[in-house]
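# Observations on the three-dimensional arrangement
Chain by chain, the residues:
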Amino acid sequence: MSIADNLLKYKSELDSAKVELVAVSKNHPAEAVLTAYNAGQRVFGENLVQEMVEKQAQLPKDIQWHLIGHLQSNKVKYIAPFIQVIESVDSLKLLKEIDKQAAKNNRVIDCLLQVYIADEDTKFGLEYDALIELLRSEEFATCKNVRIVGLMGIATNNASEKQTQTEFQELKVLFEGIKLSFFRKDDYFKELSMGMSADYKLAIAEGSTMVRIGSSIFGKRKISTP
Ligand SMILES: *Cc1c(COP(=O)(O)O)cnc(C)c1O
């Protein structure tokens, strides 16, 4: 099937579930993004800053870019002028830098806190204790140019269905707890980004509001990325 056909299939499925589709275009050229754009998609995910910045410069300006990969603090400045959501915030240090760069650009940047849910060493993310510590910190309270709109998690690669389901369930429980404890009055804390090509159905069944789908829209990537 073509990129457009794949997209339309996902759109109808996800629209009826009221789940947002982040089309993950990493490792695919700007032309592939444009094809998806012309089929109606506006939200795209990239995991590398340089690749996102290059594509952003060439492509329509109403595209909403989500950064989904590990972000180094010294690169925040390159995306701060245009980024829609940084889904991969995994430290207070990074959050403070995003806050600083957002202020410089006179904007508030939406962020998801990435939580470590997988049973492997290769995934980034905050452990439970670090997440709570960040949210309780005075430094976080002074960050006025970032808005935490929810949580993100990546399940263990190639795990059993049961394990994947458990990881998503745990993230959902954590999400509800964090909402009650820290964002009770904040309507904007509502996104739970979980689910990729292989496991998005399980993720939606467990309460995902945002799925990040790459290969089953754009085809296999030439280079495998973390
Ligand atoms: C690459 C990537 C995806 C998309 O993965 P697919 O299996 O191609 O759908 C989703 N989330 C993150 C964080 C990624 O790096």
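Residues numbered from 1 in each chain as written. Predicted model: local features only at pLDDT ≥ 70, side-chain atom pairs only at ≥ 80, totals over all residues. Heavy atoms only, no water.

Further remarks concern the overall build of the protein chain. What the protein chain contains, in helices and strands, is 10 helices and 8 strands. Its C-alpha atoms give the protein chain a radius of gyration of 17 Å, near enough to 17 Å, the size a compact globule of 226 residues would have. Seen through its principal axes, the protein chain has C-alpha atoms that stretch 50 × 45 × 30 Å. Counting only residues that meet the buried cut, the protein chain has 50% of its 226 residues in that class. (Helix = DSSP H or I, 4+ residues; strand = E, 2+ residues; numbered from the N terminus. Rg over C-alpha atoms; globule rule 2.2 N^0.38 Å. Buried < 20%, exposed > 50% of the residue type's maximum accessible area, 1.4 Å probe, protein only.)

Inspection of the region around the ligand gives 12 residues, with K26, S197, G214, S215 and R221 positioned closest. K26 has a polar side-chain atom sitting 2.7 Å from an oxygen atom of the ligand. Here a nitrogen atom of the ligand and a side-chain polar atom of R212 are 2.9 Å apart. Across the complex, the protein chains shield 93% of the 390 Å² of accessible surface that the ligand would expose by itself. When the residues that make up the shell around the ligand are grouped by side-chain class, the tally is 6 nonpolar, 3 polar and 3 charged. (Near = heavy atom within 4 Å. Polar contact = N/O pair within 3.5 Å; in protein donor to acceptor, adjacent residues only side chain to side chain. Areas by Shrake-Rupley, 256 points an atom, 1.4 Å probe, with all protein chains shown as cover. Nonpolar A, V, L, I, M, F, W, Y, C, P; charged D, E, K, R; others polar.)

Further remarks concern the environment of V89. Counting through the fold element by element, V89 comes out in strand β4 (residues 85–89). By relative accessible area, which is 0% here, V89 ends up buried. Between the alpha carbons of V89 and L67 there is a distance of 9.5 Å; along the sequence they are 22 residues apart. Not counting residues up to four positions away in its chain, the partners in contact with V89 are L94, L95, I98, C111, L112, L113, Q114 and L126. (Contact = heavy atoms within 4.5 Å.)

This part covers the UniProt feature "modified residue: N6-(pyridoxal phosphate)lysine" (unreviewed entry) in the protein chain. The positions UniProt marks with the feature "modified residue: N6-(pyridoxal phosphate)lysine" (unreviewed entry) are K26. Taking relative accessible area as the criterion, K26 reaches 9% and is therefore assigned buried. (UniProt positions renumbered as here; feature names shortened; annotations may be inferred.)

This brings us to the side chain of S208. Following the sequence through the fold, S208 ends up in the loop between α9 (200–205) and β8 (210–213). A relative accessible area of 6% means that S208 is categorised as buried. Polar contacts involving the side chain of S208 include one to the main-chain carbonyl oxygen of M194, which spans 2.7 Å.

Bringing the pairing of strand β6 (residues 146–153) into the picture now. The buried fraction of β6 is high, at 7 of 8 residues. As judged from the 7 bridges shared by strand β5 (residues 109–115) and β6, these two strands associate in the parallel manner. Across the sheet, the residue bridging to L113 is L151, located in β6. Alignment of β6 against strand β7 (residues 191–193), held across 3 bridges, turns out to be parallel. The residue bridging L151 from the neighbouring strand is L192, located in β7. Traced from β6 through helix α8 (residues 161–182) to β7, the parallel crossover comes out right-handed. (Pairing = 2+ DSSP bridges. Right-handed = clockwise from strand over helix to strand, strands pointing away.)

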